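# Topology and contacts: notes
As a plain string of letters, each chain reads:
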Amino acid sequence: MKVRFLIRSLQRGGAERQCVALAKGLRQLGHDVGVLVFYSGGDLYDELLAAGIPVESVGKLRRWELVGFLQRIRRCLRRERPDVVYSLLQVSNVVAAVEKLFVPTLRVTWGIRTASMDLTHYDRLVRVSYWLEARLSRFADHIIVNSEAGLRYAKVEGYRTDRISVIPNGIDTELFAPDRSKGKSVRWSWGIRDEEVVIGLVGRLDPIKDHPTFLRAAALVVRQCPLVKFVCIGGGDSAYKESLVALCAELALSARVIWAGEHSDMPAVYNALDVACLTSTAEGCPNTLLEAMACGVLCVATDVGDSKRILGEIGGIVPSRNSEALAGAIQELLRMDGAERAKQGQMGRDRIIQHFSLERLIGNTASVLEATAR
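Summarised in this report is the structure supplied together with it.

Calculation criteria
- Numbers given for residues are sequential positions, taken from 1 along each chain in its written order.
- Owing to the predicted nature of the model, reporting of local features is limited to residues with pLDDT of at least 70; listing and counting of side-chain atom pairs is limited to 80 or more, with chain, interface and lining totals taken over all residues.
- Side-chain descriptors were evaluated using all non-hydrogen atoms of the structure, hydrogens and water having been removed beforehand.
- A helix here means a DSSP run of H or I that spans at least four residues, while a strand means a run of E at least two residues long, and both kinds are numbered starting from the N terminus.
- Only protein chains enter the accessibility calculation, which uses a 1.4 Å probe; a residue is then buried when its area is under 20% of its type maximum, exposed when over 50%, and partly exposed in between.
- Computed by Shrake-Rupley with a 1.4 Å probe, the accessible areas treat only the displayed protein chains as cover when residues are assessed.
- Two strands qualify as a pair provided DSSP detects at least 2 bridges between them.
- Each axis is a line fitted through C-alpha atoms, and for a helix only the stretch in contact is used; angles between axes span 0 to 180 degrees, taken between their N-to-C directions.
- Contacts are assigned to residue pairs that have any heavy atoms within 4.5 Å of one another.
- Each angle is binned into one of four classes, with values under 35 degrees roughly parallel, values over 145 roughly antiparallel, values of 65 to 115 roughly perpendicular, and all other values oblique.
- Amino acids outside the nonpolar list (Ala, Val, Leu, Ile, Met, Phe, Trp, Tyr, Cys, Pro) and the charged list (Asp, Glu, Lys, Arg) are all regarded as polar, and Gly is one of them.
- Using a grid of 1 Å spacing that covers the protein atoms alone, one calls a set of points a cavity when a 1.4 Å probe fits there but cannot get out, and a pocket when the set is open and has protein on both sides within 12 Å along at least five of seven lines; lining residues are those with an atom within 4 Å of a point.
- Grid points are joined across faces, edges and corners, and a volume is the space filled by probe spheres set on the points.

So, on to the overall build of the protein. Helix and strand content of the protein: 15 helices and 13 strands. Overall, the protein is about 65 × 40 × 35 Å in size when its C-alpha atoms are taken along their principal axes. Within the protein, buried positions represent 55% of all 374 residues. Accessible surface for the protein amounts to roughly 16,500 Å². Of this, 50% is attributable to carbon and sulfur atoms.

Backbone-to-backbone hydrogen bonds join strands into a sheet, with any given pair of strands oriented parallel or antiparallel. One open sheet holds the seven strands; their spatial order is β3-β2-β1-β4-β5-β6-β7, and the pairing between them is parallel. The sheet is open, and its two edges are formed by β3 (55-57) and β7 (164-166), each paired on a single side. Between one strand and the next, the sheet's axes are offset by a mean angle of 20°, whatever the strand orientation. Both strand β1 (residues 2-7) and strand β2 (residues 32-37) contribute to a ladder of six bridges, which runs parallel. Following the sheet pairing, R4 is matched in β2 by G34. Those strands touched by helix α1 (residues 14-28) are β1, β2 and β4 (84-88), and its axis lies near 170° from that of β1. Sheet strands in contact with helix α4 (residues 90-102) are β1, β4 and β5 (108-112), and its direction is about 165° off that of β5.

Put simply, α1 and helix α15 (residues 358-373) touch, their axes get as near as 10 Å, and they point 75° apart. Here α1 is positioned roughly perpendicular relative to α15, judged by the angle of their axes. Contacts from Q18, A21, L22, G25 and L26 of α1 reach α15 at L358, L361, I362, T365, A366 and L369. Looking at the contact of α1 with α15 residue by residue, the classes come out as eight nonpolar, three polar and no charged.

This brings us to the sheet that holds strand β10 (residues 257-261). Taken together, six strands build an open sheet; the order of strands is β10-β9-β8-β11-β12-β13 and the sheet is parallel. The strands lining the two open edges of the sheet, one partner per strand, are β10 and β13 (316-318). Put simply, the sheet's adjacent strands are angled 20° from each other on average, direction ignored. Taken together, the four bridges between strand β9 (residues 228-233) and β10 define a ladder with parallel strand orientation. Paired with F230 across the two strands is V257, which belongs to β10.

With that settled, the discussion passes to the layout of surface pockets. Summary: where empty space remains is shown by rolling a probe the size of a single water molecule over the atoms. Taken as a whole, the second largest pocket holds about 240 Å³ of empty space. Together, 13 residues line the second largest pocket, and R180, G296, V297, R341 and A342 are the ones closest to its centre. Counting residues per element, the lining of the second largest pocket draws most heavily on helix α14 (residues 338-355), which supplies four residues. The class makeup of the residues in the lining of the second largest pocket is six nonpolar, three polar and four charged.

With that out of the way, let us pick up the side chain of N93. In this fold, N93 is placed in helix α4. Judged by relative accessible area, N93 falls into the buried class, the value being 0%. Excluding anything up to four places from it in sequence, N93 contacts S87, L88, W110, G111, I112 and E133.

Put into structure tokens, the structure is as follows:
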């Protein structure tokens, strides 16, 4: 089977890392795999090339360039003649549907990773792309959503649902594994002492990740736990970061919060944490929970997307935008002794291995793509 992934870029992100993992996994199964991107470069570009997977950029010149951009993609697809195109995220899905109008023989599978979205925080292009995605979903030969919540969202928003599959994200549990020795060097680079407790939030600096709730919960936790530090891992808009830093100062947290930026060695980052938090207001199947749990780290997450399904009885689930509930759940985990925390952490890792392995993701995705190609 000849598969071509279509994705906006190869910058670090959940969808982008899943694209790379899937491409490598499908190639190992013997499929002809390539990746078509809107913009060249990106942190994950070299990883694909090292795996022998060709990457072709259509060289999108600017955000609003459409006609020439679509023509270049069309030329690539006509030249490559893939058995199936697997597009990921809403803009790529819209582009794949438009190309199918011009190349009717093109077989297209969409990847949807959204379960709900408050679009008031985003600009017109983002809002239009979500609206178009729902309207054009009838042109997709198949749709893969990564969560049960995503399936419910698709039904409510009017997406085509007669050819839709739920395939949860999967991660490499050999790469993401408990190894506190890896985390020690990261803690040292953050200036954290051995006796201090580290609470982390992994996610881009974006309103949907709701860092303000994390920070307000931090202000409550420090009243009860003086030896605690909070780390935000991820990059994003500089103006938005400035507003979060200002909130830190307002909450008297400036000495307690570390803005770590992006990290390339995420297994080491998770192993540096004592508790991982997810405070998003919308998610599908959040990779950060899968990765943290695979590393044996206990998590507290907002009840969005499939977070509750992922955690099961391990860690804590709280309502979104509720800093008091988040702080209480964090404190409950911190009250566990070391042995109980280690036991719960191993149970969490076992759960990820059983239900969210990379092998499971690759096998299920291959089956859907093969069916679509036929």
